[in-house]
Amino acid sequence: MLFRSCEWNEFGQKVLRHHFPNAEGFGDITKTDFTKYANRIDILTGGFPCQPYSQAGKRLGTEDDRHLWPEMLRVIEEIQPTYVVGENVLGITNWNEGLVFNEVQADLESKGYEVQACVLPACAVGALHRRDRTWFIAYSKHNWARRRKQQQESKQEANGITTNTIDERLQTSRSIFRQEYERSEEHTSELQSPCSSR
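Read on for an overview of the structure. (Residues numbered from 1 in each chain as written. Predicted model: local features only at pLDDT ≥ 70, side-chain atom pairs only at ≥ 80, totals over all residues. Heavy atoms only, no water.)

1. Points about the pairing of strand E6 (residues 132-139)
Both strand E4 (residues 83-89) and E6 contribute to a ladder of seven bridges, which runs antiparallel. Bridge pairing in E6 places Gly86 opposite Phe136. In this sheet, E6 lies alongside strand E5 (residues 114-121) in antiparallel orientation, the contact comprising eight bridges. Within the sheet, the bridge partner assigned to Val115 lies in E6 and is Ala138. (Pairing = 2+ DSSP bridges. Helix = DSSP H or I, 4+ residues; strand = E, 2+ residues; numbered from the N terminus.)

2. Quick notes on the packing of aromatic side chains
Following the criterion strictly, the structure yields seven aromatic pairs and no others. Where Phe48 meets Phe136, the ring centres are 6.5 Å apart and the plane angle is 35°; that geometry is what we call tilted. With Phe48 in the loop between strand E3 (43-46) and helix H2 (69-79) and Phe136 in strand E6, this pair connects stretches of sequence that are 88 residues apart. Relative to Tyr139, the ring of Tyr83 lies with its centre 5.1 Å away and its plane at 40°, an arrangement referred to as tilted. Linking Tyr83 in strand E4 with Tyr139 in strand E6, this pair joins segments that are 56 residues apart in sequence. We classify Tyr139 as partly exposed; its relative accessible area is 23%. Feature note: the residues Phe48, Trp69, Phe101 and Phe136 constitute an aromatic cluster, connected by ring pairs. (Phe/Tyr/Trp six-rings, centres within 6.5 Å; stacked < 30°, edge-to-face > 60°. Buried < 20%, exposed > 50% of the residue type's maximum accessible area, 1.4 Å probe, protein only.)

3. Some thoughts on the packing of H2 against helix H3 (residues 99-110)
Between H2 and H3, the least distance of the axes is 11 Å, while the angle of their chain directions is 20°. Here H2 lies roughly parallel to H3, going by the angle between them. Between H2 and H3 the crossing geometry is right-handed. Counting all contacts with H2, which are made through Trp69, Leu73 and Ile76, the residues of H3 involved are Glu103, Val104, Asp107 and Leu108. Here the residues of the contact of H2 with H3 are counted per class, giving five nonpolar, no polar and two charged. (Axes fitted to C-alpha atoms, helices over the stretch in contact; angles between N-to-C directions. Parallel < 35°, antiparallel > 145°, perpendicular 65-115°, else oblique. Left-handed = near helix turned anticlockwise from the far one by under 90°. Contact = heavy atoms within 4.5 Å. Nonpolar A, V, L, I, M, F, W, Y, C, P; charged D, E, K, R; others polar.)

If you want it as structure tokens, here you go:
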């Protein structure tokens, strides 16, 4: 299992390191290349910044420097996971008549994902406050099939290496046994020779 995080905020990085001490962390998503993880990750999750759409902010939307959905989409393209789980505030559903809300779904569909968006409050999972959140759940059958094929090939390759190793050991054992047997036969013949002359 691979766990990676991307967080530029220093305090946020500390929280992630505390809960996931063995995880590799990245800072600025705009300066990070994720292609080395291509076809290696099944589920990619991301809470791309909510400030551009939040009722608590100025709601600058796509004009906000923190509008990072395009960067998250780039990461999805580079990694090509089977599942994508995106999270944002309720405000993304009605900012500019749902422009970014629809953009996220259209972008994922253009990359071959089936997408389902829903709004879930925090209290639905046991929290003591409502805090509505918008979720985007996306699935790529194509990426799933490619990932399964890759895993099967890796498994077959590993099995082949194991089989070859076992075969080599058996062959070596047979060779050693044959040599030892031939030596013992020679030794037996030498011992019997004086007896037969009597």
